[in-house]
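Below are the chains, spelled out letter by letter.
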Amino acid sequence: MTVPAESPDTSPEPVIALASARGRWILLTTVLGSTMAMLDGTVVNVALPRIGEDLDADLAVLQWTVNAYLLTLAGLILVGGSLSDRFGRRRIFTLGVVWFAVGSLLCGIAPNAGVLIAARALQGIGGALLAPGSLALIQASIRADDRGRAIGLWSGLGGVGAAVGPFLGGWLVDGPGWRWVFLLNVPLAAVCVPVALRHVPESRDPQAHGRFDVAGAALGAAALGLVTYALIEARSGSAAVIVAAVLGVLLGAAFVYVERRRADPMVPPDIFASRQFTAVNLVTLCVYAAIGGFFFLVVLQLQVVSGYSALAAGAAMLPTTLLMLLLSARSGELGERIGPRIPLTVGPLLCAVGTLLMLRVGPAASYVQDVLPAMVVMGMGLVALVAPLTSTVLASVDPGRAGLASGINNAAARVAGLLAVAALPLLSGMGPESYRSATQFDAAFGRAMLWCTGAFLAGAAVAWATVRSPASTACHPQCHTYCAVSAPPLEPRERGDRTAPG
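Cut-offs used in this document
- Residues numbered from 1 in each chain as written.
- Predicted model: local features only at pLDDT ≥ 70, side-chain atom pairs only at ≥ 80, totals over all residues.
- Heavy atoms only, no water.
- Core = buried A, V, L, I, M, F, W, Y, C linked by side-chain atoms within 4.5 Å.
- Buried < 20%, exposed > 50% of the residue type's maximum accessible area, 1.4 Å probe, protein only.
- Helix = DSSP H or I, 4+ residues; strand = E, 2+ residues; numbered from the N terminus.
- Contact = heavy atoms within 4.5 Å.
- Salt bridge = Lys/Arg side-chain N within 4 Å of Asp/Glu carboxyl O.
- 1 Å grid on protein atoms, 1.4 Å probe; cavity = no way out; pocket = protein on both sides within 12 Å on 5 of 7 lines; lining within 4 Å.
- Points joined across faces, edges and corners; volume = space filled by probe spheres on them.
- Nonpolar A, V, L, I, M, F, W, Y, C, P; charged D, E, K, R; others polar.
- Expected span 1.5 Å × (residues − 1).
- Axes fitted to C-alpha atoms, helices over the stretch in contact; angles between N-to-C directions.
- Parallel < 35°, antiparallel > 145°, perpendicular 65-115°, else oblique.
- Left-handed = near helix turned anticlockwise from the far one by under 90°.
- Phe/Tyr/Trp six-rings, centres within 6.5 Å; stacked < 30°, edge-to-face > 60°.
- Lys NZ or Arg CZ within 6 Å of the ring centre and 35° of its normal.

A. Up close: the nonpolar core. Ranked by internal contacts, the top residues of the largest apolar core, which has 125 residues, are Leu297, Leu302, Met358 and Phe441. Counting residues per element, this core draws most heavily on helix α10 (residues 275-304), which supplies 16 residues. For Leu302, the residues in contact, after removing those within four places along its chain, are Gly307, Tyr308, Ala313, Ala316, Met317, Val361 and Val371.

Next comes the structure, spelled out in structure tokens:
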């Protein structure tokens, strides 16, 4: 049978050099795609007070504005990776970019809160298709000896996007308006899609097969949705909330049951046979719950209580992101030398100190004396934590399952943030209209920071008690970096493992 010219290249070893024109176009495509999702994650929180004011929305609407996106993203991100392997990484990546842009456009023109929340859920579906494909395109297209540098550039340029995000979001909110926080994604997609279709080769896993775990994905997403609804609406104490909570727990148990019995599950239970992998994911759940709650509430505190503009509140986040951008690579190297236990313990402890320092931020807070110390300490904690956590996740499983391990850990982080944003206002006693009152919000914010501190301390305790031996990242003799970067492309297929690029 004749193979059409446009058929996916399934050769075992990519040959495109990063220094070539095509290699640079591939890098640009992946950076543009990941920047869309990264910008959205950093700029939306800054816009929340203005969204609430413009749409006359209560606190629950602001929670759903964040969580509708996280819900569909966390529930479908592993499916997105599997779809990429099965139907083509470029195809699913470009579909994700277009889907994300359409969702962003609907967010930008949303006439009311209901439409905005539904559009945010659509954005999350696009993100679940887009996010796994970004790094997978580099892995599948760039030749092995250039891959480490390509991923380094991808990470660095993405970090610049994350650093600019809060500042840009604040400028847009104070200037053209909060709707441009979402509309900004449309021109980025208009550049990204044509470049991807013209310059990025198609690739797929020729061993990817058959059925997808539709039942697992549906049960997981439904359980998360019901539990999130119950937490956000718990103040009402209605029968619907109780029913949602019970159904959410039952569907969660059904998800575990299905995954344990399927031949090809979305989350293979046997991957948790690695004690290191299980321990690091427990740490992830603790610390990313605290991180998600912290950044959701801090921008509200700065604007509602301290009187900062959206631009000033966004700029206040900059030190944390810059520290991560500048020091994360060195932190990863240090973690490789001394092992993961100390960084995964010290990082959350520093973050806990940062959350306690935020208790000093109240009405008319001084940025230099009150806000900056908290952000710097929080940034140093994240520097110590994030890179070693990521590398340990990848090194704690067989190299052929590194993509799957990364995807599960990514989903765990998203779920933790989702549940924190849903639960923290309830735990700290925030009423539906609290964010409209500086006095009420300030008191509840203090209680919420104590909850975040507790979650960070729990993460440190879990790391110290369960993370033991340093995890080797050398997956074969020629590997000089993380196994997800330089493991031979054929190895996952030879082992028969199903991977979902993370």
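B. Highlighting the pattern of salt bridges. Taken as a whole and judged by the stated rule, the model has 5 salt bridges. Note that Arg50 and Asp174 form a salt bridge whose closest N and O atoms lie 3.1 Å from each other. Here the residue Arg50 occupies a position in helix α1 (residues 21-55), and Asp174 occupies one in helix α5 (residues 144-174), the gap between them amounting to 124 residues. Take Arg50: its relative accessible area is 29%, and that puts it in the partly exposed class. With a closest N to O distance of 3.5 Å, Arg436 and Asp56 form a salt bridge. Of this pair, Arg436 sits in the loop between α15 (402-427) and α16 (438-466) while Asp56 sits in the loop between α1 and α2 (59-87), placing them 380 residues apart in sequence. Arg436 sits in the partly exposed class, given a relative accessible area of 40%. Shared partners join several salt bridges into a network, and the residues in it are Asp56, Glu433 and Arg436.

C. Inspection of the environment of Leu394 at higher detail. Assignment of secondary structure puts Leu394 in helix α14 (residues 367-395). Between the C-alpha atom of Leu394 and that of Ser406, which follows or precedes it by 12 residues, the distance is 6.4 Å.

D. Summary view of the layout of surface pockets. Quantified by volume, the second largest pocket comes out at close to 790 Å³. In this structure, the second largest pocket is lined by 28 residues; those nearest its centre are Leu224, Phe255, Val267, Ala412 and Val415. When residues of the lining of the second largest pocket are traced back to their parent elements, those giving at least two are α2, α8 (214-232), α9 (239-261), α10 and α15. Broken down by element, the residue count for the lining of the second largest pocket peaks at 6 residues, all from α9. Tallied by class, residues from the lining of the second largest pocket come to 20 nonpolar, 6 polar and 2 charged.

E. Seen up close, α8. Over its 19 residues, α8 runs 27 Å from end to end, which matches the ideal 27 Å to within 8%, given 1.5 Å per residue. Restricting attention to buried positions, one finds in α8 the residues Gly216, Ala217, Leu219, Gly220, Ala223, Leu224, Gly225, Thr228, Ala230 and Ile232.

F. Summary view of unusual backbone geometry. At Asp56, a position not held by glycine, the phi torsion is positive, near 50°. The phi torsion at Ala364 lies on the positive side, around 55°, for a residue other than glycine. If you trace the backbone, Ala364 turns up in the loop between α13 (341-357) and α14.

G. Inspection of the environment of Gly339 at higher detail. The residue Gly339 is located in the loop between α12 (318-338) and α13 in this model. Gly339 sits in the buried class, given a relative accessible area of 2%.

H. Representation of the packing of α1 against α2 within the structure. At a minimum axis distance of 9 Å, the contact between α1 and α2 shows a crossing angle of 165°. Comparing their axes, α2 and α1 come out roughly antiparallel. The element α1 and its partner α2 pack so that their crossing is right-handed. Here Ala37, Asp40, Val44, Asn45, Leu48, Ile51 and Gly52 of α1 come into contact with α2, specifically with Leu62, Thr65, Val66 and Tyr69. Of the residues assigned to the contact of α1 with α2, the class counts are 7 nonpolar, 3 polar and 1 charged.

I. Region of interest: the packing of aromatic side chains. Within the structure shown, the criterion is met by 4 aromatic pairs. Arranged with centres 6.2 Å apart and planes meeting at 80°, the rings of Tyr69 and Phe100 form a pair that is edge-to-face. You can see Tyr69 sitting in helix α2 and its partner Phe100 sitting in helix α3 (residues 89-108), a full 31 residues away along the chain. Given a relative accessible area of 0%, Phe100 falls into the buried group. On the numbers, 5.3 Å between centres and 50° between planes, the contact of Phe272 with Phe277 is tilted. Residue classification places Phe272 among the partly exposed residues on the basis of a relative accessible area of 33%. Residue placement shows Arg341 over the ring face of Trp464; its charged tip is 3.7 Å from the ring centre.

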